[in-house]
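If you want the building blocks of each chain, they are given just below.
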Amino acid sequence: MKVARFYAPGDIRIEDAPEPSPGPDEVKIRVHACSTCGTDLKIFRHGHHHIDPPRVIGHEIAGEVVETGAEIDGWAAGDRVQVIAAIPCGECADCRRGWRTICPNQLSMGYHFDGGFAEYMIVPQRVLRVDGLNRIPEGLSYAEASVAEPLACVLNGQEFAQVGEGDVVVVTGAGPIGCLHVRLARARGAAAVYLVELNRGRLDMAADLVKPDAAICGAETDPVHAVLDLTEGRGADVIITAAAAGKAQEDGLKMAARRGRISFFGGLPKDNPIIACDSNLVHYRELTIYGANGSSPDHNKRALELIATGAVGVDDLITHRLKLDGVLDAIDTVASGEAIKVTIEPSAS
């Protein structure tokens, strides 16, 4: 079979590899769709401390069961499935408290286990143990199902920050995650959603699809002033920084209304993670700052339902679909900002 294997920063190779066989407690799937994300770009450029190369990467995975191990019950050839990316242990103190997104023993598909940039892959027992293999609802395409993983992360962030009915929400970053945040905020009853982005072309492309109440180009105007103008000086109830930029986090504090919630959804570069936080804003306005880290198996299940019911549409966000040998082109497209979502379809003929 064909795989896309990461060897070192700047070195991903399309190779022939033996087709895997499942162990007694594993499931083998044919990968129909594995969407790309900014993390794949980071891995290509810099590697990752959890990846011991060579490794087949790709973690937004949907496919079809083709073989099951002798000890597997409940799954059969032909079942359409989505695979979680972040795998909690299910046993530690945090997991027992229901905090599976911050499991200190978390493993990940495409990092600790071979991922979805392959024609076939093994779903390890570690995934099955935490109920991390999900049935794709009727009528949902594999490509749409692969976007359930990033939507699950978005769902975790918005639930934690309590996005809800009547909120004015600002989303900073007009990539695929930002677009999903806009759509999910609307589905959760937000009164208005504003989208902020530095790149005018990327902003226009995203705004044309997800239709925010206002699209603010940070390269052309001060987004803090723009949000305050839009809210008659009050500020926004929730600010979600779906961009790896310290300034976005700093601006988020300044544009928050009293009792506002700021979700630091996008992590910062590890060599520059410190921001200037005006703690008096936090103190006097009673602001709350939330982190957001990945998703749980349950978030993935509910993300699939949100897509299947039409509450959060994703099909039109998939702007590019490429075959497996186009992985490097996909990563270049992600880097260029010319796409919203790029999906690899390894089983496409």
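Residues numbered from 1 in each chain as written. Predicted model: local features only at pLDDT ≥ 70, side-chain atom pairs only at ≥ 80, totals over all residues. Heavy atoms only, no water.

Chemist: Please explain unusual backbone geometry as it appears in this structure.
Modeler: Excluding glycine, most residues fall at negative phi; most peptide bonds, likewise, are trans. The omega angle of the peptide bond from Pro53 to Pro54 is 5°, so this bond is cis rather than trans. Locating Pro54 in the fold gives a position in the loop between helix 1 (38–46) and strand 4 (55–56). Positive phi, normally seen in glycine, also occurs at Asp131, with a value near 60°. Examined against the element boundaries, Asp131 turns out to sit in the loop between helix 3 (125–129) and strand 10 (133–135). On the basis of relative accessible area, Asp131 is assigned to the partly exposed category, the value being 44%. One non-glycine residue, Lys211, lies in positive phi territory at about 50°. Structurally, Lys211 is set in the loop between helix 7 (200–210) and strand 13 (214–217). Relative accessible area serves as the criterion here: at 51%, Lys211 is assigned to the exposed category. (Helix = DSSP H or I, 4+ residues; strand = E, 2+ residues; numbered from the N terminus. Buried < 20%, exposed > 50% of the residue type's maximum accessible area, 1.4 Å probe, protein only.)

Chemist: Even after reading the chapter, I still don't get the domain arrangement of the protein, so can you show me in this structure?
Modeler: The accessible area lost on association of the parts is a frequent measure of interface size. Looking at the assigned domains, one finds that the protein contains domain 1 (2–136 + 314–344) and domain 2 (155–291). Taking the mean C-alpha position of each, domain 1 and domain 2 sit 29 Å from one another. Opposite the 10 residues of domain 1 that make contact, domain 2 presents 12 residues. Note on domain 1 versus domain 2: buried area summed over both sides is about 930 Å², and carbon and sulfur give 65% of it. Looking only at domain 1, the three residues that lose the most surface to domain 2 are Asp316, Leu317 and Ile340, adding up to 54% of its buried area. Here domain 1 and domain 2 share one salt bridge between them. Asp316 is paired through a salt bridge with Arg183; the nearest N and O atoms lie 2.8 Å apart. The interface formed by domain 1 and domain 2 holds three residue pairs in polar contact (both at pLDDT 80 or more) in total. (Domains from an automatic or database assignment. Contact = heavy atoms within 4.5 Å. Buried area = accessible area lost by both parts, 1.4 Å probe. Salt bridge = Lys/Arg side-chain N within 4 Å of Asp/Glu carboxyl O. Polar contact = N/O pair within 3.5 Å; in protein donor to acceptor, adjacent residues only side chain to side chain.)

Chemist: Whenever I open this one, the UniProt feature "domain: Enoyl reductase (ER)" (unreviewed entry) in the protein confuses me. Can you help?
Modeler: Following the UniProt record, one finds the feature "domain: Enoyl reductase (ER)" (unreviewed entry) at residues 10–344. As a span, residues 10–344 carries 31% helix and 25% strand, and end to end its C-alpha atoms are 19 Å apart. (UniProt positions renumbered as here; feature names shortened; annotations may be inferred.)

Chemist: Can you help me understand the sheet that holds strand 2 (residues 11–16) in this one?
Modeler: Strand pairing in a sheet is mediated by backbone hydrogen bonds. Such pairs are either parallel or antiparallel. One open sheet holds the three strands; their spatial order is 2-1-4, and the pairing between them is antiparallel. Taken across any chain shown, the strands that pair with only one partner, and hence form the sheet edges, are strand 2 and strand 4. Across two bridges, the pairing between strand 1 (residues 2–8) and strand 4 is antiparallel. Bridging across to strand 4, Phe6 finds its partner in Arg55. (Pairing = 2+ DSSP bridges.)

Chemist: How should the packing of aromatic side chains be read in this particular structure?
Modeler: By convention here, two paired aromatic rings are described through the distance between centres and the angle between planes. Here the structure, examined in full by the defined rule, presents one aromatic pair. Measuring from centroid to centroid gives 5.0 Å for Phe160 and Tyr290, while their planes differ by 75°, and the two rings are edge-to-face. Linking Phe160 in helix 5 (residues 148–160) with Tyr290 in strand 16 (residues 288–291), this pair joins segments that are 130 residues apart in sequence. Here the guanidinium or amino end of Lys28 rests over the ring plane of Tyr120, the centre of that ring lying 4.9 Å away. (Phe/Tyr/Trp six-rings, centres within 6.5 Å; stacked < 30°, edge-to-face > 60°. Lys NZ or Arg CZ within 6 Å of the ring centre and 35° of its normal.)

Chemist: Can you help me understand helix 8 (residues 223–230) in this one?
Modeler: Of all the residues in helix 8, the buried ones are Pro223, Val224, Ala226 and Val227. For helix 8, the angular spread of the buried residues around the axis is 165°, confining them to a single face. Those residues of helix 8 hidden inside the fold are in contact with strand 11 (168–172), strand 12 (192–197), strand 13, strand 14 (236–241) and helix 9 (246–254). Two or three places before Val224, at the start of helix 8, stands the capping residue Asp222, its side-chain oxygen 2.9 Å from that residue's backbone nitrogen. Phi for Glu232, located one or two positions after helix 8, is positive at around 55°. (Arc of directions from axis to C-beta.)

Chemist: Quick question: what am I supposed to make of the pattern of salt bridges here?
Modeler: Two side chains bearing opposite charge may form a pair once their charged atoms approach each other closely. A complete count under the given rule lists 21 salt bridges for this structure. Note that Arg13 is salt-bridged to Asp11, the shortest N-O span being 2.9 Å. Three or more residues joined by partner-sharing salt bridges are found here, namely Glu159, Asp298 and Arg302.

Chemist: What exactly am I supposed to notice about the packing of helix 6 (residues 176–187) against helix 7 here?
Modeler: The axes of two packed helices give the description: the angle between them and the distance between them. It is the contact of helix 6 with helix 7, at a shortest axis distance of 10 Å, that shows an interaxial angle of 30°. Viewed along their axes, helix 6 and helix 7 adopt a mutual orientation that is roughly parallel. Judged by the sense of rotation from one axis to the other, the crossing of helix 6 with helix 7 is right-handed. Between helix 6 and helix 7, the contacting residues are Pro176, Cys179, Val182, Arg183 and Arg186 on the first element and Arg202, Ala206, Leu209 and Val210 on the second. Its residues assigned to classes, the contact of helix 6 with helix 7 shows six nonpolar, no polar and three charged. (Axes fitted to C-alpha atoms, helices over the stretch in contact; angles between N-to-C directions. Parallel < 35°, antiparallel > 145°, perpendicular 65-115°, else oblique. Left-handed = near helix turned anticlockwise from the far one by under 90°. Nonpolar A, V, L, I, M, F, W, Y, C, P; charged D, E, K, R; others polar.)

Chemist: Before we go on, may I ask you to explain the pairing of strand 2 in this structure?
Modeler: Two faces belong to every sheet, and in a regular strand the side chains alternate between them. Where strand 1 lies against strand 2, six bridges are found, and the strand directions are antiparallel. Bridged to Lys2 within strand 2 is Asp16. With antiparallel pairing between neighbouring strands as the criterion, strand 1 and strand 2 make up a hairpin whose turn holds two residues, including Gly10 at a positive phi of roughly 80°.

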